[in-house]
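Observations on the model geometry
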Amino acid sequence: MAGPQDTTVIPIKPPDRHTARTLLCLGFCGGGTGPYHSWSDSLPAEVALSAICYPGREGRFLEPYAADWEELAADATTAVLSAADGPYVLFGHSMGGWMAFDVAARIEDAAGPAPEALVVSSCNAPDRGLTPRDMFPACQDTDAELLDWMRTNGLMPEHVLADPGLQEMAVELMRADIRVRDTFRCRPGTTVGVPVQMLSATDDDVIEPDAGNQWRRVARGAYRHDVLPGGHFYTPEIWRQLPAHIAPLTAPLTTPASHAAV
């Protein structure tokens, strides 16, 4: 799904002759492809894993950050289409959940190669619009507050914590993504026909209690909602094994349902 010099589609667990589908992941606010690298060992043997790198980070460091949501969504859609040379499941966490929904809708509208399923994690339903609850962390937060948020939620690797220069870059990246997130507007009437799974956490203060039902409104096809332990990024152990909770990696989503998992 990605060439040897591709800096946009990052093959974490490359496909081989046994691959049945690829889990294709979109980044969350302030993140890159790194948080998905720990998932390789939790995937079924026949599932490959790739992640989309947004502009301004990792191998695309020299590219300017996206100016707004529309620019980033167009970039992400092009990236997903470039990777869609076989069956795939599209995943997004937090801001990435909105991005995955938007990308899936754009691909469907253009009659492109749609994902087998859409999996959204720790995000409120997009059709309700951007609210103060979603604008966290916030553009007015200080650098220290942003660093603390990233540290608390496990977004600061040890080598970043030990390097003031890398911390400064991490804050710059977070602010760039916050600016993009704050321009998000769901196109009126946007829905998706592919099966949808929504994942949320028991102790996530960002997500509304009724978010599972809200997501059902924008899913025209099969839908399920699963609740997992922890906060916005679940628990560290749940995050490392999150692919085990992604239902369409092992079976089609055919029956609307709501489940709680521990």
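Residues numbered from 1 in each chain as written. Predicted model: local features only at pLDDT ≥ 70, side-chain atom pairs only at ≥ 80, totals over all residues. Heavy atoms only, no water.

1. Regarding the overall build of the protein
Secondary structure summary: the protein contains 7 helices and 8 strands in total. Taking 262 residues into account, the globule formula puts the C-alpha radius of gyration at 18 Å, and the protein, at 17 Å, falls close to it. Overall, the protein is about 50 × 45 × 35 Å in size when its C-alpha atoms are taken along their principal axes. For the protein, buried positions account for 52% of its 262 residues. Look at the contacts in the protein between residues 6 or more apart in sequence, and 80% of them connect residues 24 or more apart. Here the protein displays about 11400 Å² of accessible surface, and carbon together with sulfur accounts for 55% of that area. (Helix = DSSP H or I, 4+ residues; strand = E, 2+ residues; numbered from the N terminus. Rg over C-alpha atoms; globule rule 2.2 N^0.38 Å. Buried < 20%, exposed > 50% of the residue type's maximum accessible area, 1.4 Å probe, protein only. Contact = heavy atoms within 4.5 Å. Areas by Shrake-Rupley, 256 points an atom, 1.4 Å probe, with all protein chains shown as cover.)

2. Quick word on helix 5 (residues 164-181)
The terminal C-alpha atoms of helix 5 lie 26 Å apart, and with 18 residues this matches the ideal 26 Å at 1.5 Å per residue to within 8%. The set of residues buried in helix 5 consists of Gln167, Ala170, Val171, Leu173, Met174, Ala176, Asp177, Ile178, Val180 and Arg181. Looking at where helix 5 begins, the residue whose side-chain oxygen comes 2.8 Å from the main-chain nitrogen of Gly165 is Asp163. (Expected span 1.5 Å × (residues − 1). Polar contact = N/O pair within 3.5 Å; in protein donor to acceptor, adjacent residues only side chain to side chain.)

3. Considering the environment of Ser122
Residue placement: Ser122 occurs in the loop between strand 5 (117-121) and helix 3 (143-152). Expressed as a C-alpha distance, the spacing of Ser122 and Gly231, which sit 109 residues apart in the sequence, is 8.9 Å. From its side chain, Ser122 meets the backbone oxygen of His232 in a polar contact 2.9 Å long.

4. Things to note about the side chain of Ser121
Among the secondary structure elements, Ser121 is positioned in strand 5. The exposure class of Ser121 is buried, given its relative accessible area of 0%. A distance of 2.8 Å separates the side chain of Ser121 from the side chain of His93, its partner in a polar contact.

As far as function goes, none of this settles anything; it's purely spatial.
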